[in-house]
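# Analysis of the macromolecular model
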Amino acid sequence: MVRRLFFFLTAIALLLTACSDNDSFSTDRSHLLTFSKDTIKMDTMFSDVPSTTYTFWVYNHSGDGIRIANVRLDRGNQSGFRVNVDGTFLNPVATDLEVRKGDSIRVFVEVTAHENLQETPQLVEDNLLFTLQSGVVQQMNLRTWAWDAYKVTNMVVTGDEVIESSKPVVVYGRGINIEKGATLTVKNTTLYFHDGAGIEVSGKLVTDHVLMRGDRLDHMFAYLPYDRVSGQWGGVVVKAKSDGVEMTNSELHSSHNALWCDSTVVTLTNTIIHNCKGYGLYAHDSKVALTKCLVSNALNDCLSMEGCQATVDQTTLAQFYPFSANRGAALRFNYTKQPMSLVCNNTLVTGYAEDVIFGKGNDPELMSYHFENCLLRTGAVEDSKDIVNVIWEKPSDEIQGQKHFVKFDDVNFIYDFRLKEESPAFERSIGWPGNQ
C-alpha cells in the first residue's frame, strides 16, 4: 500500500512540475521568437488580383513560454496584405497570443495589391510586427511585386477590333469570342489567360509580336514556375468555315491544345508553339502553312493534320514532352474524305522515340507527300522521288534528338531549341532559324 502511494504521489508531482513548466511565461527581453524565414518573398502578381497563400512558422526555442501582446502590420490596411496568425485574423490587430515553450504557431499571408498606375511591376512591402509582453518588437518583412494590367472577361468581337498594349492583358471567363465576319488583330501585346480561358475564332484572328500564356506568375515549386507547366489555359480554337488564323512573330505556350483548327486557313510565320497538354497544332480539312516555326513538346502530337493541304518550311518539330511517357508523334498526317497533301522543306523532325513521324494511308489519290532537305527521325525510305536529300536520324547517331539543341534541361523544363553549330541540321540550314 505504501509503495503504491509513493508511486502515485511521485506521478502527481511530476505532472504538476510538467504543467508548471509548460504554463510558465517569461518577460525576459532575451527570450525571443524564431521565424522559419527571414522574409516572405511573394511572386510577382497582377494588381487587384488576390494572391495564393504563403505561410511561415513562428517557434519558441527560448526555454520558457512567451506571450505576444499584439501582432499588426506596420502600414495597417494600406498595403493590401492580409494575415492570419494561429487562426486569428488581423482586424487590424491580433492580441493576447501565446507560444508555449518548445511550441510553434503558423502564420498565413495573402495580398491583393492596389493599382500603382505604372507600366512596370512595382514593389509592395510591409512589416508584420510581433510585440512581445516583454516590450520587445520583432518583425517579418512581407514583399511582392505588383503589375498593373488590363482585364478582359468574356470579350465578344463583333467587328474589326485591335488589341495593342504595353501593359499585360489578363483574360478571364470563357475568354475571347470572335464572331463570324469579325477580325481581331492583336499586336505587340502579351495575353495572360486565366485557367480555362482561351480564344474561339468564328471570324479571323491575326497576331503579330504576341505572346499567349497562362496568367499564373507564381511557382508550383521553388524551382518550377507555373509558366513551365502545361495545361495552364484553353488555347485557340478556330472553328469550321471561319476566315482562319494568321500568326507572325508570335508564341503560344503552356496551354491545353494550342491551336485546334477545323476546315479553315492556318498561316504561321516565325511562330513558336511549346509545352501543350494536348496538341500543339491540330488541323482538319484545312489549308496549313508553317514557315520558320517551332512546334515542341505536346502530350498529343506536335503537328497533326487530317485531310489538309499543307506546306512546312524551315521548321522544327521536336517531341520531348516531359510530363508523360505516353506522348504523341512529332508529325502525324493522314487523309479523310479530303486528300492529304504535305510538302516539307528544310525541316527538322525529332524527339525521344525512335520513330516520331506517322503518315497513314496508301491511296495515292488521297495521300501525297514530299520531303526535301530535311532531317527526319523515322525509318529510312529508299528510292522515292518524294524523298530528296534527306538525313535519316537514328538513336545511334553521335548528334541526335536533344543533342541538336543549345539548351535541353528536362529536370527544370528549360529548353532552347536553337541549333548547336555541330548539329548536322545547322550546316544545312534545316529547322527553325532561331539562331538568326
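In what follows, the accompanying structure is described. Computed from a prediction, not measured in an experiment: that's the story for all the values here.

## Re the environment of Tyr172
With respect to the helices and strands, Tyr172 occurs in strand β14 (residues 169–178). Its relative accessible area of 17% is what places Tyr172 among the buried residues. A sequence separation of 35 residues divides Tyr172 from Val137, and the C-alpha atoms of the two residues are 43 Å apart. Apart from residues no more than four positions distant in its own chain, Tyr172 is found in contact with Val49, Lys151, Val152, Thr153, Asn154, His194, Ala197 and Asp215.

## Description of the state of the cysteines
Considering all chains together, one arrives at 0 disulfides under this definition. You can see Cys276 has no disulfide; the closest cysteine sulfur is in Cys302, sitting 8.0 Å from it. Cysteine Cys293 remains unbridged, with the sulfur of Cys344 as its closest cysteine sulfur at 12 Å. For Cys293, a relative accessible area of 1% gives the class buried.

## Brief notes about the pattern of salt bridges
Within the structure shown, the criterion is met by 13 salt bridges. Ionic pairing is found between Glu200 and Lys239, a salt bridge with its closest N-O pair at 3.7 Å. Here Glu200 is found in strand β16 (residues 198–201), whereas its partner Lys239 is found in the loop between β20 (235–238) and β21 (244–248), with 39 residues between them in sequence. For Glu200, a relative accessible area of 34% gives the class partly exposed. Among the ionic pairs, Lys204 bridges to Glu246, the shortest N-O distance being 3.0 Å. Here Lys204, found in strand β17 (residues 204–214), pairs with Glu246, found in strand β21; they are 42 residues apart in sequence, far enough to count as distant. Each of Arg67, Glu98 and Arg100 takes part in one network of salt bridges that share partners.

## Some remarks on the sheet that holds strand β9 (residues 104–111)
With antiparallel pairing, the 5 strands of this open sheet are ordered in space as β1-β4-β9-β6-β7. Each edge of the sheet is formed by a strand with only one pairing partner; in this case those strands are β1 (34–35) and β7 (88–89). Here strand β6 (residues 81–85) pairs with β7 via 2 bridges, running antiparallel. Across the sheet, residue Asn84 finds its bridge partner in β7, namely Phe89.

## Concerning the pairing of β21
In this structure, β17 lies alongside β21, joined through 5 bridges in parallel fashion. Across the sheet, the residue bridging to Leu205 is Val245, located in β21. By the bridge criterion, 4 bridges tie β21 to strand β24 (residues 265–269) in an arrangement that is parallel. Counted as the bridge partner of Glu246 is Thr267 from β24.

## What about the pairing of strand β41 (residues 414–419)?
Sheet topology note: the strand β40 (residues 405–409)/β41 ladder contains 4 bridges and is antiparallel. Bridge pairing in β41 links Phe408 to Tyr415. Between the end of β40 and the start of β41, which pair antiparallel, lie 4 residues, with Phe413 showing a positive phi angle near 60°.

The rules behind these values
- Residues numbered from 1 in each chain as written.
- Predicted model: local features only at pLDDT ≥ 70, side-chain atom pairs only at ≥ 80, totals over all residues.
- Heavy atoms only, no water.
- Helix = DSSP H or I, 4+ residues; strand = E, 2+ residues; numbered from the N terminus.
- Buried < 20%, exposed > 50% of the residue type's maximum accessible area, 1.4 Å probe, protein only.
- Contact = heavy atoms within 4.5 Å.
- Disulfide = S-S within 2.5 Å.
- Salt bridge = Lys/Arg side-chain N within 4 Å of Asp/Glu carboxyl O.
- Pairing = 2+ DSSP bridges.

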